[in-house]
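Chain and residue survey
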Amino acid sequence: ASTIIPNIDLNPPSPSITDITNVSGIFFGADDSRLYFSEFGSYHSWHEAAYVDFDSRITGIEEYMGEGIVFTDGQVFRVRGYNPFEMTKIVVPDVRGLPENNRKTLTKWGTNVIWLGNEGVCLFSSGNVQVATGAKGESELFDMNLPRGVVKDNVYYLLQTPEADVERKGFALDFRKGLPPCITRISQDAESIVTIPTENRVYLKNSVNTTSQGAFLEGSTQSVDFKSKQYDVGDVNTDKVFMFAKISYSGSGTIKFFADDET
(Lines give C-alpha, C1' and ligand atoms only; values in the text may rest on other atoms or scores of the structure.)
Protein backbone atom coordinates (compact mmCIF):
# COMPACT_ATOMS: atom_id res chain seq x y z
CA ALA A 1 0.00 0.00 0.00
CA SER A 2 1.06 3.58 -0.56
CA THR A 3 0.18 6.74 1.32
CA ILE A 4 -1.63 9.20 -0.95
CA ILE A 5 -0.16 12.66 -0.30
CA PRO A 6 -1.80 15.14 -2.70
CA ASN A 7 0.40 17.78 -4.26
CA ILE A 8 -1.49 21.06 -3.83
CA ASP A 9 0.20 22.45 -6.94
CA LEU A 10 -1.45 19.73 -9.05
CA ASN A 11 -5.00 18.34 -9.06
CA PRO A 12 -5.55 16.52 -5.75
CA PRO A 13 -7.77 13.41 -5.71
CA SER A 14 -11.25 13.62 -4.28
CA PRO A 15 -11.53 12.22 -0.72
CA SER A 16 -14.38 10.02 -1.96
CA ILE A 17 -12.23 8.06 -4.46
CA THR A 18 -11.84 4.39 -3.52
CA ASP A 19 -10.24 1.22 -4.93
CA ILE A 20 -7.17 3.11 -6.20
CA THR A 21 -5.28 0.72 -8.50
CA ASN A 22 -2.17 1.19 -10.65
CA VAL A 23 -2.79 0.07 -14.23
CA SER A 24 0.27 0.48 -16.50
CA GLY A 25 1.28 3.75 -14.88
CA ILE A 26 -2.17 5.33 -14.70
CA PHE A 27 -4.01 5.07 -11.40
CA PHE A 28 -7.69 4.12 -11.50
CA GLY A 29 -10.07 5.26 -8.75
CA ALA A 30 -13.80 4.82 -8.25
CA ASP A 31 -16.26 7.43 -7.05
CA ASP A 32 -19.64 5.69 -7.01
CA SER A 33 -20.38 5.01 -10.73
CA ARG A 34 -17.60 7.24 -12.07
CA LEU A 35 -14.09 5.93 -12.78
CA TYR A 36 -11.37 8.58 -12.52
CA PHE A 37 -7.85 8.39 -13.97
CA SER A 38 -4.70 10.01 -12.63
CA GLU A 39 -1.97 11.72 -14.56
CA PHE A 40 0.45 9.12 -15.96
CA GLY A 41 2.93 8.00 -13.32
CA SER A 42 1.45 10.10 -10.52
CA TYR A 43 -1.27 9.35 -8.00
CA HIS A 44 -1.03 12.97 -6.82
CA SER A 45 -2.76 14.50 -9.84
CA TRP A 46 -6.34 13.66 -10.87
CA HIS A 47 -7.92 16.00 -13.40
CA GLU A 48 -11.67 16.39 -12.88
CA ALA A 49 -12.29 15.83 -16.62
CA ALA A 50 -10.38 12.53 -16.81
CA TYR A 51 -13.10 9.98 -16.15
CA VAL A 52 -15.46 7.36 -17.61
CA ASP A 53 -19.02 6.83 -16.35
CA PHE A 54 -20.74 3.49 -15.71
CA ASP A 55 -24.43 2.66 -15.38
CA SER A 56 -24.14 1.61 -11.74
CA ARG A 57 -21.82 1.77 -8.74
CA ILE A 58 -18.30 0.40 -9.25
CA THR A 59 -17.69 -2.48 -6.84
CA GLY A 60 -14.09 -3.42 -7.68
CA ILE A 61 -10.99 -2.76 -9.79
CA GLU A 62 -8.18 -5.19 -10.59
CA GLU A 63 -5.17 -4.82 -12.89
CA TYR A 64 -4.84 -7.57 -15.49
CA MET A 65 -2.17 -7.69 -18.21
CA GLY A 66 -2.02 -3.93 -18.68
CA GLU A 67 -5.76 -3.37 -18.49
CA GLY A 68 -8.08 -2.34 -15.70
CA ILE A 69 -10.80 -4.91 -15.02
CA VAL A 70 -13.65 -2.90 -13.56
CA PHE A 71 -16.67 -4.46 -11.88
CA THR A 72 -20.20 -3.38 -11.17
CA ASP A 73 -22.87 -5.47 -9.49
CA GLY A 74 -24.00 -6.97 -12.79
CA GLN A 75 -21.17 -6.57 -15.30
CA VAL A 76 -17.43 -6.73 -15.95
CA PHE A 77 -15.55 -4.20 -18.09
CA ARG A 78 -12.09 -3.97 -19.61
CA VAL A 79 -10.74 -0.41 -19.44
CA ARG A 80 -7.53 0.59 -21.22
CA GLY A 81 -5.63 3.49 -22.74
CA TYR A 82 -2.46 5.57 -22.46
CA ASN A 83 -4.06 8.98 -22.01
CA PRO A 84 -6.25 9.63 -18.95
CA PHE A 85 -8.53 11.78 -21.13
CA GLU A 86 -8.96 9.11 -23.81
CA MET A 87 -9.61 5.86 -21.93
CA THR A 88 -11.99 3.30 -23.41
CA LYS A 89 -14.23 0.74 -21.72
CA ILE A 90 -15.33 -2.56 -23.24
CA VAL A 91 -18.01 -4.69 -21.64
CA VAL A 92 -17.15 -8.37 -21.21
CA PRO A 93 -19.98 -10.38 -22.86
CA ASP A 94 -20.46 -12.77 -19.94
CA VAL A 95 -22.82 -11.10 -17.47
CA ARG A 96 -21.04 -11.97 -14.22
CA GLY A 97 -20.65 -8.98 -11.94
CA LEU A 98 -19.24 -8.45 -8.46
CA PRO A 99 -21.96 -7.93 -5.82
CA GLU A 100 -21.34 -5.16 -3.31
CA ASN A 101 -21.49 -7.67 -0.46
CA ASN A 102 -18.68 -9.71 -2.05
CA ARG A 103 -16.31 -6.92 -3.10
CA LYS A 104 -13.59 -8.13 -0.70
CA THR A 105 -13.48 -11.53 -2.44
CA LEU A 106 -11.85 -10.02 -5.55
CA THR A 107 -8.23 -11.10 -5.98
CA LYS A 108 -5.82 -12.75 -8.41
CA TRP A 109 -5.00 -16.41 -8.88
CA GLY A 110 -2.15 -17.06 -11.32
CA THR A 111 -3.25 -15.69 -14.70
CA ASN A 112 -6.85 -15.33 -13.51
CA VAL A 113 -8.89 -12.77 -11.64
CA ILE A 114 -11.17 -14.58 -9.19
CA TRP A 115 -14.17 -13.47 -7.13
CA LEU A 116 -17.48 -14.62 -5.65
CA GLY A 117 -20.34 -13.62 -7.93
CA ASN A 118 -24.09 -14.09 -7.76
CA GLU A 119 -23.89 -17.56 -9.32
CA GLY A 120 -20.79 -18.89 -7.62
CA VAL A 121 -17.03 -18.39 -7.86
CA CYS A 122 -16.06 -16.71 -11.15
CA LEU A 123 -12.81 -16.56 -13.11
CA PHE A 124 -11.73 -13.90 -15.61
CA SER A 125 -9.01 -14.89 -18.08
CA SER A 126 -8.15 -13.89 -21.66
CA GLY A 127 -11.18 -11.64 -21.98
CA ASN A 128 -13.77 -14.17 -20.82
CA VAL A 129 -15.59 -14.98 -17.60
CA GLN A 130 -16.56 -18.46 -16.50
CA VAL A 131 -18.29 -19.75 -13.38
CA ALA A 132 -15.81 -22.18 -11.87
CA THR A 133 -18.43 -23.67 -9.53
CA GLY A 134 -21.49 -23.96 -11.69
CA ALA A 135 -23.66 -26.44 -9.82
CA LYS A 136 -27.32 -25.69 -9.26
CA GLY A 137 -28.08 -24.13 -5.92
CA GLU A 138 -24.65 -22.62 -5.31
CA SER A 139 -26.01 -19.10 -5.09
CA GLU A 140 -27.61 -20.23 -1.82
CA LEU A 141 -24.54 -22.24 -0.81
CA PHE A 142 -22.33 -19.16 -1.02
CA ASP A 143 -24.71 -16.81 0.78
CA MET A 144 -22.08 -15.31 3.07
CA ASN A 145 -21.71 -12.41 5.50
CA LEU A 146 -19.30 -9.85 3.96
CA PRO A 147 -16.80 -12.51 2.84
CA ARG A 148 -13.09 -12.01 2.18
CA GLY A 149 -11.21 -13.96 -0.47
CA VAL A 150 -7.56 -15.01 -0.57
CA VAL A 151 -5.54 -17.55 -2.58
CA LYS A 152 -2.78 -19.63 -1.01
CA ASP A 153 -1.07 -22.56 -2.73
CA ASN A 154 -3.77 -22.77 -5.46
CA VAL A 155 -6.58 -22.94 -2.92
CA TYR A 156 -9.10 -20.08 -2.87
CA TYR A 157 -10.43 -19.36 0.61
CA LEU A 158 -13.69 -17.51 1.27
CA LEU A 159 -13.93 -16.36 4.88
CA GLN A 160 -16.95 -14.66 6.39
CA THR A 161 -16.83 -11.62 8.64
CA PRO A 162 -17.18 -12.87 12.23
CA GLU A 163 -20.02 -11.97 14.54
CA ALA A 164 -20.26 -12.60 18.26
CA ASP A 165 -22.17 -15.76 19.19
CA VAL A 166 -22.77 -16.63 15.52
CA GLU A 167 -20.95 -19.44 13.70
CA ARG A 168 -19.50 -18.08 10.45
CA LYS A 169 -17.87 -20.91 8.54
CA GLY A 170 -15.88 -20.41 5.38
CA PHE A 171 -15.00 -22.32 2.23
CA ALA A 172 -11.85 -23.77 0.73
CA LEU A 173 -11.94 -24.22 -3.06
CA ASP A 174 -9.06 -26.45 -4.09
CA PHE A 175 -7.96 -25.86 -7.71
CA ARG A 176 -4.85 -28.08 -7.51
CA LYS A 177 -6.48 -30.76 -9.65
CA GLY A 178 -8.13 -28.33 -12.07
CA LEU A 179 -11.75 -27.39 -12.65
CA PRO A 180 -14.19 -27.71 -11.07
CA PRO A 181 -12.50 -27.21 -7.69
CA CYS A 182 -13.01 -29.45 -4.69
CA ILE A 183 -15.17 -27.46 -2.22
CA THR A 184 -15.07 -27.95 1.55
CA ARG A 185 -16.34 -26.00 4.53
CA ILE A 186 -13.81 -24.79 7.07
CA SER A 187 -14.23 -23.47 10.61
CA GLN A 188 -12.55 -20.16 9.93
CA ASP A 189 -13.68 -16.57 9.65
CA ALA A 190 -11.86 -13.24 9.40
CA GLU A 191 -12.62 -9.53 9.47
CA SER A 192 -9.53 -8.66 7.42
CA ILE A 193 -6.74 -10.42 5.52
CA VAL A 194 -3.15 -9.40 4.83
CA THR A 195 -1.02 -11.31 2.33
CA ILE A 196 2.79 -11.29 2.13
CA PRO A 197 3.53 -12.71 -1.36
CA THR A 198 7.31 -12.80 -0.89
CA GLU A 199 6.85 -15.06 2.14
CA ASN A 200 3.81 -16.94 0.81
CA ARG A 201 2.08 -16.13 4.07
CA VAL A 202 -1.44 -14.99 4.90
CA TYR A 203 -2.41 -13.27 8.13
CA LEU A 204 -5.95 -13.02 9.49
CA LYS A 205 -7.42 -10.52 11.92
CA ASN A 206 -10.29 -11.69 14.06
CA SER A 207 -11.11 -9.56 17.08
CA VAL A 208 -14.26 -11.60 17.78
CA ASN A 209 -12.57 -15.03 17.87
CA THR A 210 -8.99 -14.13 18.78
CA THR A 211 -7.86 -17.78 18.79
CA SER A 212 -8.57 -17.86 15.04
CA GLN A 213 -6.33 -14.96 14.08
CA GLY A 214 -2.68 -14.87 13.10
CA ALA A 215 -0.78 -16.74 10.40
CA PHE A 216 -3.34 -18.68 8.35
CA LEU A 217 -2.81 -22.45 7.95
CA GLU A 218 0.22 -22.42 10.21
CA GLY A 219 -1.48 -23.24 13.49
CA SER A 220 -3.68 -26.15 14.51
CA THR A 221 -5.65 -27.83 11.73
CA GLN A 222 -9.11 -26.38 11.27
CA SER A 223 -11.97 -28.87 11.37
CA VAL A 224 -13.94 -29.54 8.20
CA ASP A 225 -17.71 -29.97 8.03
CA PHE A 226 -19.22 -30.37 4.56
CA LYS A 227 -22.74 -31.39 3.59
CA SER A 228 -23.55 -31.93 -0.07
CA LYS A 229 -26.71 -30.87 -1.85
CA GLN A 230 -29.71 -33.19 -1.99
CA TYR A 231 -30.10 -35.34 -5.09
CA ASP A 232 -33.39 -36.68 -6.42
CA VAL A 233 -32.80 -40.22 -7.72
CA GLY A 234 -36.36 -40.85 -8.91
CA ASP A 235 -38.35 -44.01 -8.13
CA VAL A 236 -36.87 -45.68 -5.05
CA ASN A 237 -38.27 -49.05 -6.19
CA THR A 238 -36.10 -49.26 -9.31
CA ASP A 239 -32.49 -50.41 -9.40
CA LYS A 240 -29.88 -47.75 -10.16
CA VAL A 241 -26.18 -47.47 -10.76
CA PHE A 242 -24.34 -44.40 -9.43
CA MET A 243 -21.20 -43.46 -11.32
CA PHE A 244 -18.35 -40.97 -10.88
CA ALA A 245 -18.84 -40.44 -7.15
CA LYS A 246 -15.52 -39.64 -5.48
CA ILE A 247 -14.44 -38.57 -2.01
CA SER A 248 -10.92 -37.29 -1.34
CA TYR A 249 -10.31 -37.10 2.38
CA SER A 250 -7.46 -37.22 4.88
CA GLY A 251 -7.34 -36.99 8.65
CA SER A 252 -9.61 -38.31 11.37
CA GLY A 253 -13.37 -38.03 11.29
CA THR A 254 -16.57 -39.60 10.00
CA ILE A 255 -18.15 -39.84 6.55
CA LYS A 256 -21.87 -40.58 6.38
CA PHE A 257 -24.25 -41.28 3.49
CA PHE A 258 -27.93 -40.48 3.88
CA ALA A 259 -31.08 -41.69 2.10
CA ASP A 260 -34.34 -39.88 2.76
CA ASP A 261 -32.65 -37.99 5.61
CA GLU A 262 -31.77 -41.25 7.36
CA THR A 263 -28.25 -42.66 7.74
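The sections below set out a description of the structure shown in this document. Per-chain numbering applies: the sequence of each chain, read as written, is numbered from 1 onward. Owing to the predicted nature of the model, reporting of local features is limited to residues with pLDDT of at least 70; listing and counting of side-chain atom pairs is limited to 80 or more, with chain, interface and lining totals taken over all residues. The side-chain figures draw on all heavy atoms in the structure; neither hydrogens nor water molecules are used.

1. So, the sheet that holds strand S11 (residues 120-125)
Strands qualify as paired when DSSP identifies two bridges or more between them. Only DSSP runs of H or I reaching four residues or more are called helices, and only runs of E reaching two or more are called strands; each is numbered from the N terminus. Spatially, S9-S10-S11-S12 is the arrangement adopted by the four strands of the open sheet, whose pairing is antiparallel. What marks the edges here is a single partner per strand, and that holds for strand S9 (107-109) and strand S12 (128-131). Each neighbouring strand pair of the sheet contributes to a mean axis angle of 35°, computed without reference to strand direction. Geometry is summarised by axes, namely lines fitted to C-alpha atoms with helices restricted to the contacting stretch, and by angles between N-to-C directions that run from 0 to 180 degrees.

2. Regarding the layout of surface pockets
The method works on a 1 Å grid over the protein atoms by themselves. A cavity is a set of points holding a 1.4 Å probe that cannot get out, a pocket is an open set with protein on both sides within 12 Å along at least five of seven lines, and residues with an atom within 4 Å of a point line them. Grid points are joined across faces, edges and corners, and a volume is the space filled by probe spheres set on the points. Of the pockets and cavities examined, the second largest pocket occupies roughly 850 Å³. Of all the secondary-structure elements, those providing two or more residues to the lining of the second largest pocket are strand S1 (18-23), strand S5 (58-64), S9, strand S13 (148-152) and strand S17 (192-196). Top element by residues in the lining of the second largest pocket is S5. It accounts for five residues. Residues belonging to the lining of the second largest pocket are distributed by class as follows: seven nonpolar, seven polar and seven charged. Asp, Glu, Lys and Arg are counted as charged, while Ala, Val, Leu, Ile, Met, Phe, Trp, Tyr, Cys and Pro are counted as nonpolar; the rest, among them Gly, fall into the polar class.

3. Description of the sheet that holds strand S8 (residues 88-91)
Sheet strands associate in pairs through backbone hydrogen bonding, adopting either a parallel or an antiparallel arrangement. Read from one edge of the open sheet, four strands run S5-S6-S7-S8, paired in antiparallel fashion. Two strands lie at the open edges of the sheet, namely S5 and S8, each paired on one side alone. Within this sheet the neighbouring strands show an average axis-to-axis angle of 25°, counted without direction. Pairing of strand S6 (residues 67-72) with strand S7 (residues 76-80) involves four bridges; the strand directions are antiparallel. When the sheet's bridge partners are listed, Phe71 is paired in S7 with Val76.

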